[in-house]
Amino acid sequence: MPAKLIGSLAYKNLRYTKNHPLRIPRVSLLLEVLHALELLEKEELVEGRFAGWEELTSFHEWDYLVALEECDRCQCVKGDYRERFNIGTYENPISPAMWKGSLLATGSSVQAVELFTQGFRAFNPAGGMHHAYPSRANGFCFLNDPGVALQELLKGGFKSILYVDLDAHHCDGVQDFFYEDDRVFVFSIHQSPEYAFPFKKGYLHETGEGRGKGYNLNLPLPPGVNDSEFLFLIERILPALKSAIKPEVYVLQLGTDALKEDYLSKFNLSNWGFLKAFDLIRDVLGEGIYLGGGGYHPIALVRAWLLVWCRLSNRDIPTFLNDKAKQILLSVDFEEFDEDVDRSYMFERLLDTPNEGEVRREIVSIAEKALSLLF
Ligand SMILES: [Zn+2]
């Protein structure tokens, strides 16, 4: 099963506004570093494409899409669109990323589905924008590409699909859309909404409704989750989940904001733990469809997704960054919030030392409660 990375250097120009947490284009940076380290062959890279209207409307409302297109044309907020669609805000600003960047990321997630069904291991790092609602932007997300990808799988005849979300934030847009659907099981591990975005959704008691009752599982966690705790939860839950629903296919959202360097989340994973989680999921579920997600420390993010790519493409992980890759990362215009923290290791090596530790009683109890909710 050969690996394919769906990407584009076009993201370099499809940016969010200055001062936005996503202002630094992440996918083009990943591609540059992969090239610098000679970890990506020409035939492994698939140029992303825009999503088509028919693909988009399987998830999104027509008038919302028209509004995004109109605002993109003038790069301004029209009429009452801010109130109606939550666009043109600090969180979801008007920028080239809003429409064209999202169209490209969403088309690329559809490509990932197509490549998977053709027998490839496909990774779309621009995907995973899990907060968007059918007619409302939310949490930096305008188009819900995981939702569109899941709809494509349903159109393709899959009847039991698992969606696994490792992002530090709950996947409210995806959960909401499939909440009454027993064909898509949504499983998310995230910071508890008690203290983290999206604040209202992501609790353990949200288990689906109607036909979808029992097809939604949330693990809302306290701050400070370490590698041991994160891996414990996956080991404890995923095999049971697999035997309960017997998925024919799964989509994995690989947001990197659970990493310890990320300033928008309070989890403490090393990239070793993140990679180990990825390995564990593939051990249990086999090959899936791989999407990106959140991640606001661009350098930590590139390092983590580079590890994922090495695994997918059966490459050894280089111990050190070469000079070329190091220069690219050093030239990223990103300032650490906490100047006292020494992050120099990020520019030398790729794989971090594990951040293992005690598995808190609270974490064990969440796992037990979650297991009791599985059919
Ligand atoms: Zn996130």
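Residues numbered from 1 in each chain as written. Predicted model: local features only at pLDDT ≥ 70, side-chain atom pairs only at ≥ 80, totals over all residues.

A. Representation of the overall build of the protein. In terms of regular secondary structure, the protein is built from twelve helices and eight strands. In terms of overall size, the protein behaves like a compact globule, its C-alpha atoms giving a radius of gyration of 19 Å where 375 residues would be expected to give roughly 21 Å. Along the first, second and third principal axes, the C-alpha atoms of the protein reach 55 × 55 × 40 Å. By the burial criterion, 52% of the 375 residues in the protein qualify as buried. In the protein, the proportion of contacts linking residues at least 24 apart, taken out of those at least 6 apart, comes to 77%. (Helix = DSSP H or I, 4+ residues; strand = E, 2+ residues; numbered from the N terminus. Rg over C-alpha atoms; globule rule 2.2 N^0.38 Å. Buried ≥ 20, exposed ≤ 12 C-beta atoms within 10 Å, placed from the backbone. Contact = placed C-beta atoms within 7 Å.)

B. Looking closely at the pairing of strand E1 (residues 3–7). Counting buried positions along E1 gives five out of five residues, so the element sits mostly inside the fold. Of the two faces of E1, the one carrying Ala-3, Leu-5 and Gly-7 and the one carrying Lys-4 and Ile-6 are both buried. Sheet topology places E1 next to strand E3 (residues 121–124); three bridges connect them, and they run parallel. Paired with Leu-5 across the bridge in E3 is Phe-123. As a crossover connection, the stretch from E1 through helix H1 (residues 27–36) into strand E2 (residues 45–47) is right-handed. (Pairing = 2+ DSSP bridges. Right-handed = clockwise from strand over helix to strand, strands pointing away.)

C. Structural detail: the nonpolar core. The biggest cluster of nonpolar side chains holds 115 residues, and the ones touching the most others in it are Tyr-163, Leu-306 and Val-308. Per-element accounting of this core gives the leading share, twelve residues, to helix H10 (residues 298–312). Discounting residues that sit within four places of it in the chain, Tyr-163 has contacts with Pro-146, Leu-150, Val-174, Val-184, Phe-185, Val-186, Phe-187, Tyr-250 and Val-251. (Core = buried A, V, L, I, M, F, W, Y, C linked by C-beta atoms within 7 Å.)

D. Summary view of unusual backbone geometry. With an omega of 5°, the peptide bond between Phe-197 and Pro-198 qualifies as cis. Checked against the element boundaries, Pro-198 lands in the loop between strand E5 (184–191) and strand E6 (216–221). In this structure, Glu-38 is a non-glycine residue whose phi angle is positive, near 55°. Considering the arrangement of structural elements, one finds Glu-38 in the loop between H1 and E2. By C-beta crowding, Glu-38 is classed as exposed, having 12 other C-beta atoms within 10 Å.

E. Spotlight on the sheet that holds E6. Strand order in the open sheet formed by eight strands is E2-E1-E3-E8-E7-E4-E5-E6, with parallel pairing between adjacent strands. Unpaired on one side and paired on the other, E2 and E6 mark the two borders of the sheet. Direction aside, neighbouring strands of the sheet carry axes that sit 15° apart on average. Two strands pair when backbone bridges link them, and E5 and E6 are joined in this way by six bridges, in the parallel orientation. Counted as the bridge partner of Ser-188 is Asn-218 from E6. Most of the contacts of H10 go to E3, to which it runs at about 165°, and overall it touches E1 and E3. (Axes fitted to C-alpha atoms, helices over the stretch in contact; angles between N-to-C directions.)

F. Layout of the packing of helix H9 (residues 271–285) against H10. One can describe the packing of H9 onto H10 by two numbers: an axis separation of 10 Å at closest approach and a directional angle of 35°. Between H9 and H10 the crossing geometry is right-handed. Across the interface between the two elements, Asn-271, Phe-274, Leu-275, Phe-278 and Asp-279 from H9 touch Arg-303, Ala-304, Leu-307, Val-308 and Arg-311 from H10. Within the contact of H9 with H10, the residues separate by chemical class into six nonpolar, one polar and three charged. (Left-handed = near helix turned anticlockwise from the far one by under 90°. Nonpolar A, V, L, I, M, F, W, Y, C, P; charged D, E, K, R; others polar.)

G. Expanded view of the pairing of strand E7 (residues 249–253). Most of E7 sits inside the fold, with five of its five residues counted as buried. Both faces of E7 are covered, namely the face carrying Val-249, Val-251 and Gln-253 and the face carrying Tyr-250 and Leu-252. With three bridges connecting them, E7 and strand E8 (residues 289–291) associate as parallel partners. Directly across from Leu-252, in E8, lies its bridge partner Tyr-290. Taking the sense of rotation as the criterion, the β-α-β connection linking E7, H9 and E8 turns out right-handed.

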